[in-house]
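So you can see what is in the structure, the chains are spelled out below.
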Amino acid sequence: GESVGLHLPTLSVQEGDNSIINCAYSNSASDYFIWYKQESGKGPQFIIDIRSNMDKRQGQRVTVLLNKTVKHLSLQIAATQPGDSAVYFCAENYPGGTSYGKLTFGQGTILTVHP
Amino acid sequence: NAGVTQTPKFQVLKTGQSMTLQCAQDMNHNSMYWYRQDPGMGLRLIYYSASEGTTDKGEVPNGYNVSRLNKREFSLRLESAAPSQTSVYFCASSLSINQPQHFGDGTRLSIL
């Protein structure tokens, strides 16, 4: 999962395995969550989003699960491929006051997929 | 389809120099953002523009100014660069606030 500090969490998997990347978000009132993928030298790339009125959302090979009780978000990648190797960030939007529309990003998790 | 385009891709400045980072999007998005990314710190919002004609401070606005030139373009200016501003700067845009943000590939800025 994600943590504050200079050393990012890492996840190493074999090609073809399923990957689960976790994120603990900070504000129970956050209403919108996004997962991004960032490859070396590139900007973050949108993967999937979910709003707080949902528990689960599926995309192509990816599923996001939201557990509001424990403020936990996860990204599941099915049949992980070497091209999935990257840093994955979760982001949350807290709708209160001046924070509206401003995403707060987690530190990221490094996913390495071995052939 | 270019998406979000940032220029320059790399820049080295001396302390005290000024610089404007350019950002343009071709997705007809209303909202635009500037972030900086430092090792271990994640992405931090500098300024954003919810719509053309408006700008607001983010988490780390000190030392920066922005201009929303038109709907497509949102520039970030460093008036007097400091070594602490060495970072990778990302511009993003979204259809509106609280919608997925799409990022450019960044400007790598070093200040000596």
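One numbering rule holds for all chains: residues counted from 1, following each sequence as written. Lettering for chains starts from A, numbering for ligands starts from 1, and both go in the order in which the items are written. This being a predicted model, a pLDDT of at least 70 is required before a residue's local features are given, and a value of 80 or more before pairs of side-chain atoms are given or counted; all residues contribute to the totals for chains, interfaces and linings. The basis for every side-chain value is the complete set of non-hydrogen atoms in the structure, without hydrogens or water.

A.B. asks: I'd like a rundown of the sheet that holds strand 2 (residues 19-24) of chain A, residues and numbers included.
C.D. replies: All names here are of chain A. Each pair of strands is called paired provided DSSP finds at least two bridges between the two strands. Under the scheme used here, helices are H or I runs from DSSP no shorter than 4 residues and strands are E runs no shorter than 2 residues, and both carry numbers assigned from the N terminus. Pairing is antiparallel in the open sheet, where 4 strands are placed in the order 2-7-6-5. Each of the sheet's edge strands pairs with one partner strand only, and the pair in question is strand 2 and strand 5 (56-58). Taking the axes of each pair of neighbouring strands and ignoring which way they run, one obtains an average angle of 15 degrees across the sheet. Bridging between strand 6 (residues 62-67) and strand 7 (residues 72-77) involves 6 bridges; their strand directions are antiparallel. When the bridges of strand 7 are listed, Leu 66 appears paired with Leu 73. Axis lines are fitted to C-alpha atoms, over the contacting stretch for helices. Their N-to-C directions set the angle, which ranges from 0 to 180 degrees.

A.B. asks: Give a detailed account of the state of the cysteines, specifying residues and quantitative values.
C.D. replies: Residue and element names in this part refer to chain B. Any pair of cysteine sulfurs within 2.5 Å is marked as a disulfide. If you walk through the whole model with that rule in mind, you get 2 disulfides over all chains. One disulfide bridge connects Cys 23 with Cys 91, the sulfur atoms lying 1.9 Å from each other. Torsion about the S-S bond of the Cys 23 and Cys 91 cystine: about -75 degrees, corresponding to left-handed handedness. Of this pair, Cys 23 sits in strand 3 (residues 19-25) while Cys 91 is found in strand 9 (residues 87-94), placing the two residues 68 residues apart along the sequence.

A.B. asks: Can you lay out the side chain of Asp 49 of chain A for me, pointing to particular residues and giving the numbers?
C.D. replies: The topology assignment puts Asp 49 of chain A in strand 4 (residues 45-51). Only 2.3 Å separates the side chain of Asp 49 of chain A from the side chain of Arg 57 of chain A, close enough to count as a polar contact. Here, residues are in contact when the closest pair of their heavy atoms is within 4.5 Å. Once residues lying within four places of it in the same chain are set aside, the contact partners of Asp 49 of chain A are Tyr 32, Phe 33, Ile 34, Arg 57 and Val 64 of chain A together with Pro 100 of chain B. Whenever two N or O atoms come within 3.5 Å, that pair is a polar contact, provided that in protein one can donate a hydrogen and the other can accept it, and provided that, for residues adjacent in sequence, both atoms are side-chain atoms.

A.B. asks: So what's going on with the pattern of salt bridges? Residues and values would help.
C.D. replies: Definition used for salt bridges: Asp or Glu carboxyl oxygen within 4 Å of a side-chain nitrogen of Lys or Arg. One pass over the structure, following the stated rule, counts 7 salt bridges over all chains. Among the salt bridges present, the one from Asp 55 of chain A reaches Lys 68 of chain A, with a minimum N-O distance of 3.2 Å. Highlighted residues: Asp 55 of chain A in the loop between strand 4 and strand 5 and Lys 68 of chain A in the loop between strand 6 and strand 7, separated in sequence by 13 residues. Of the charged contacts in the structure, one is a salt bridge between Arg 36 of chain B and Asp 38 of chain B, with a shortest N-O distance of 2.9 Å. Burial here depends on accessible area, computed with a 1.4 Å probe over protein chains only, as a share of the maximum for the residue type. Under 20% is buried, over 50% is exposed, and the range in between is partly exposed. Relative accessible area serves as the criterion here: at 8%, Arg 36 of chain B is assigned to the buried category. Taken together, the shared-partner salt bridges in this structure form one network comprising Arg 36, Asp 38 and Arg 44 of chain B.

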